[in-house]
Amino acid sequence: MQLRMDQAALSAFLVRDFGQLAADFAVERVGPEGLVLRLKVAERHLRPGGTVSGPSIFSLADVAMYLAILARIGPVALAVTTNCAVDFMRKPAAGRDLLGEARVLKLGRTLAVGDVMVFSEGAPEPVARASLTYSIPPA
C-alpha cells in the first residue's frame with residue numbers, strides 16, 4: 001500500500017488547515033501500518049487532580065485517526081468523524097506526553113474505520129483505546 005502523505009506533509013497540513021490546535025501535536029511516525037501522534041501535554045490539558053482530561057485524550061485519538069486516514073487518501077480536509085467510542089483504562093502518568101497509535105482497519109470509498117491506542121510516553125500499558133469511524137466525502 002502506498003501512502004499519499006508522509007510525515008512532513010501531514011505536519012504541514014495540520015499547521016495549514018488546523019492551526020488553532022497544531023501546536024499541541026507532533027506526528028512522530030507514519031507508515032503503512034499506521035501513525036503515531038504525540039500530544040504535547042501542557043497545563044491546559046489537565047483536569048483537577050493533575051491528570052490529562054478526557055477531552056484531551058479524545059482529541060489525540062480523533063486527530064491521530066484523521067491523519068492516519070489522510071496518509072492513505074491524501075489531503076481531504078472535509079473527512080469527518082461520524083462515530084467514536086473511547087475506553088479510559090488507566091490514569092495517564094503525570095508530567096508525560098501522550099502517544100496515540102492509530103491504525104486504519106478498513107478504508108472504503110465513503111467510510112473508514114480504525115482504532116487508536118493511547119499511551120503515556122514510556123509506559124507499556126495503554127491509558128485509553130478509541131474506536132472511530134470517519135465519513136469520506138465524494139471526490
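Everything numeric in this text was worked out from a predicted model, so none of it was measured.

**Student:** How would you explain empty space enclosed by the protein if you had to name every residue and give the values?
**Tutor:** Per the stated rule, a full pass over the model turns up one cavity of 30 Å³ or more. As a volume, the largest cavity reaches approximately 40 Å³. As for the largest cavity, its lining consists of Val41, Leu46, Gly50, Thr51, Val52, Pro92, Ala93, Ala94, Gly95 and Arg96. Per-class residue counts for the lining of the largest cavity are six nonpolar, three polar and one charged.

**Student:** Can you tell me about the environment of phenylalanine 119, naming the residues and giving the values?
**Tutor:** Positionally, phenylalanine 119 belongs in strand E7 (residues 111-120). In this view, phenylalanine 119 contacts Asp97, Leu98, Leu99, Glu101, Pro124, Glu125, Pro126 and Val127; residues no more than four positions away in its chain are not counted.

**Student:** Give me the lowdown on the pattern of salt bridges, citing residues and values where you can.
**Tutor:** This model, assessed by the stated rule, comprises eight salt bridges. In this structure, arginine 16 and aspartate 17 form a salt bridge, with 2.8 Å as the shortest nitrogen-oxygen distance. Owing to a relative accessible area of 59%, arginine 16 belongs among the exposed residues under this scheme. For aspartate 17, a relative accessible area of 33% puts it in the partly exposed group.

**Student:** Could you give an account of the layout of surface pockets, naming the residues involved and the relevant values?
**Tutor:** When its volume is computed, the largest pocket comes out at roughly 170 Å³. What lines the largest pocket is Leu14, Phe18, Leu21, Ser59, Asp62, Val63, Tyr66, Ala77, Ala79, Val80, Thr81 and Tyr134. At the level of secondary structure, the elements contributing two or more residues to the lining of the largest pocket comprise helix H3 (54-73) and strand E5 (80-88). Of the residues assigned to the lining of the largest pocket, the class counts are nine nonpolar, two polar and one charged.

**Student:** Give a detailed account of the packing of helix H1 (residues 7-17) against H3, specifying residues and quantitative values.
**Tutor:** Following both chains from N to C, one finds H1 and H3 inclined at 125°, their axes separated by 10 Å at the closest point. What the angle tells us is that H1 and H3 run oblique. Remark: the crossing between H1 and H3 carries right-handed chirality. Contacts from Leu10, Phe13 and Leu14 of H1 reach H3 at Val63, Tyr66, Leu67, Leu70 and Ala71. Broken down by class, the residue content of the contact of H1 with H3 amounts to eight nonpolar, no polar and no charged.

**Student:** Describe the sheet that holds strand E1 (residues 25-31), naming the residues involved and giving the relevant values.
**Tutor:** Note: strands within a sheet are paired through backbone hydrogen bonds, in either parallel or antiparallel orientation. Taken together, the six strands give an open sheet; going across it, the order is E1-E2-E6-E7-E8-E5, and neighbouring strands pair in antiparallel fashion. Of all strands in the sheet, those bounded by a partner on one side alone are E1 and E5. Within the sheet, the average angular offset between the axes of one strand and its neighbour, ignoring direction, is 20°. Where E5 lies against strand E8 (residues 126-135), eight bridges are found, and the strand directions are antiparallel. Residue asparagine 83 lies in a different strand from E8, and its bridge partner there is threonine 133. Strand contacts of H1: E1 and strand E2 (34-39), with the helix running at about 150° to E1, the strand carrying the most contacts.

**Student:** Tell me about the side chain of threonine 133, residues and numbers included.
**Tutor:** In this fold, threonine 133 is placed in strand E8. When neighbours within four sequence positions are excluded, threonine 133 is seen to be in contact with Val80, Thr81, Thr82, Asn83, Leu111, Ala112 and Val113.

Conventions used here
- Residues numbered from 1 in each chain as written.
- Predicted model: local features only at pLDDT ≥ 70, side-chain atom pairs only at ≥ 80, totals over all residues.
- Heavy atoms only, no water.
- 1 Å grid on protein atoms, 1.4 Å probe; cavity = no way out; pocket = protein on both sides within 12 Å on 5 of 7 lines; lining within 4 Å.
- Points joined across faces, edges and corners; volume = space filled by probe spheres on them.
- Nonpolar A, V, L, I, M, F, W, Y, C, P; charged D, E, K, R; others polar.
- Helix = DSSP H or I, 4+ residues; strand = E, 2+ residues; numbered from the N terminus.
- Contact = heavy atoms within 4.5 Å.
- Salt bridge = Lys/Arg side-chain N within 4 Å of Asp/Glu carboxyl O.
- Buried < 20%, exposed > 50% of the residue type's maximum accessible area, 1.4 Å probe, protein only.
- Axes fitted to C-alpha atoms, helices over the stretch in contact; angles between N-to-C directions.
- Parallel < 35°, antiparallel > 145°, perpendicular 65-115°, else oblique.
- Left-handed = near helix turned anticlockwise from the far one by under 90°.
- Pairing = 2+ DSSP bridges.

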